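# Residue-level structural notes
Below are the chains, spelled out letter by letter.
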Amino acid sequence: MYIVDSTVVVPEEKADELIEIYQNRSRSVDQWEGFRSFQLLQNDKKPGELTVHMEWESKAHYMKWATSEEFQKIHELEKNYPDKALANIPPKVKKFKVVAE
C-alpha cells in the first residue's frame, strides 16, 4: 500500500471554508484503479491544519493518477477558489510506503 498526505495550514477562520470545498469534491479520483480511500483530516489542536490523506494499492497506481490529465484538471480548479488566499497556500506533501500492518 502507498500513502500520500498533503497538508496545508490555513488561518483558523478559513478552515471551515476549505473543509466545505473538500466535502463537495468531485470524487473522480475514487474511480481510479488502485485507489483505496480519501480522508480529510483536521489537526485536533491546530484547526487550521488540514491534511488530505489518500491510500493507494501501490506507488505505481498513485503515479498513474498523479500524471494523468484528470489530476492536472482538478489541481487547476484549485487555482480558481473564490478565496485567493486559500488558492495560494502551498501544501506540504509526504509519501509513504506501508511496510507493516
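Residues numbered from 1 in each chain as written. Predicted model: local features only at pLDDT ≥ 70, side-chain atom pairs only at ≥ 80, totals over all residues. Heavy atoms only, no water.

- The name an unreviewed UniProt entry gives the chain is Antibiotic biosynthesis monooxygenase, with Pontibacillus chungwhensis BH030062 as the organism.

## Comments concerning the nonpolar core
- Grouped together as the largest cluster of nonpolar side chains are 20 residues, with contacts concentrated most on M54, W56, Y62 and W65.
- The residues contacting W65, other than those within four sequence positions of it, are S28, V29, W32, M54, W56, E70, F71 and I74. (Core = buried A, V, L, I, M, F, W, Y, C linked by side-chain atoms within 4.5 Å. Buried < 20%, exposed > 50% of the residue type's maximum accessible area, 1.4 Å probe, protein only. Contact = heavy atoms within 4.5 Å.)

## Digging into the packing of aromatic side chains
- Under the definition given, this model contains seven aromatic pairs.
- Here F35 and W56 contribute two aromatic rings whose centre-to-centre distance is 5.4 Å and whose plane-to-plane angle is 80°, an arrangement assigned as edge-to-face. Taken together, the residues span a long stretch of sequence, with F35 in strand β2 (residues 35–42) and W56 in strand β3 (residues 49–56) at a distance of 21 residues.
- Feature note: the residues Y2, W32, F35, W56, Y62, W65 and F71 constitute an aromatic cluster, connected by ring pairs. (Phe/Tyr/Trp six-rings, centres within 6.5 Å; stacked < 30°, edge-to-face > 60°. Helix = DSSP H or I, 4+ residues; strand = E, 2+ residues; numbered from the N terminus.)

## Section: helix α1 (residues 15–23)
- Taken residue by residue, α1 has A15, L18, I19 and Y22 as its buried positions. For α1, the buried positions fall inside an angular range of 105° around the axis, keeping them on one side. (Arc of directions from axis to C-beta.)

## Considerations on the sheet that holds strand β4 (residues 92–97)
- A sheet is described by the order of its strands in space; here four strands give the open sequence β2-β3-β1-β4, paired in antiparallel fashion. Each edge of the sheet is formed by a strand with only one pairing partner; in this case those strands are β2 and β4. Neighbour-to-neighbour, the strand axes of this sheet turn through a mean angle of 15°, independent of strand direction.
- Sheet strands touched by α1: β1 (2–9), β2 and β3. Its angle to β2, the strand with the most contacts, is close to 165°. (Pairing = 2+ DSSP bridges. Axes fitted to C-alpha atoms, helices over the stretch in contact; angles between N-to-C directions.)

## Re the pattern of salt bridges
- For the structure shown, the criterion picks out five salt bridges.
- In this structure, K14 and E17 form a salt bridge, with 3.9 Å as the shortest nitrogen-oxygen distance.
- Given the relative accessible area of 24%, K14 is considered partly exposed.
- E17 sits in the partly exposed class, given a relative accessible area of 29%.
- When the shortest N-O distance is used, the salt bridge between K73 and E70 registers 3.9 Å. Here K73 and its partner E70 are both found in helix α3 (residues 69–78), three residues apart, which amounts to about one turn of the helix. (Salt bridge = Lys/Arg side-chain N within 4 Å of Asp/Glu carboxyl O.)

## A look at the side chain of H53
- Mapping H53 onto the fold places it in strand β3.
- Its relative accessible area of 14% is what places H53 among the buried residues.
- Within the structure, H53 has its side chain in polar contact with the side chain of D5 (distance 2.6 Å).
- Apart from the residues lying within four places of it in its own chain, the contact partners of H53 are I3, V4, D5, S37, F38, Q39 and L41. (Polar contact = N/O pair within 3.5 Å; in protein donor to acceptor, adjacent residues only side chain to side chain.)

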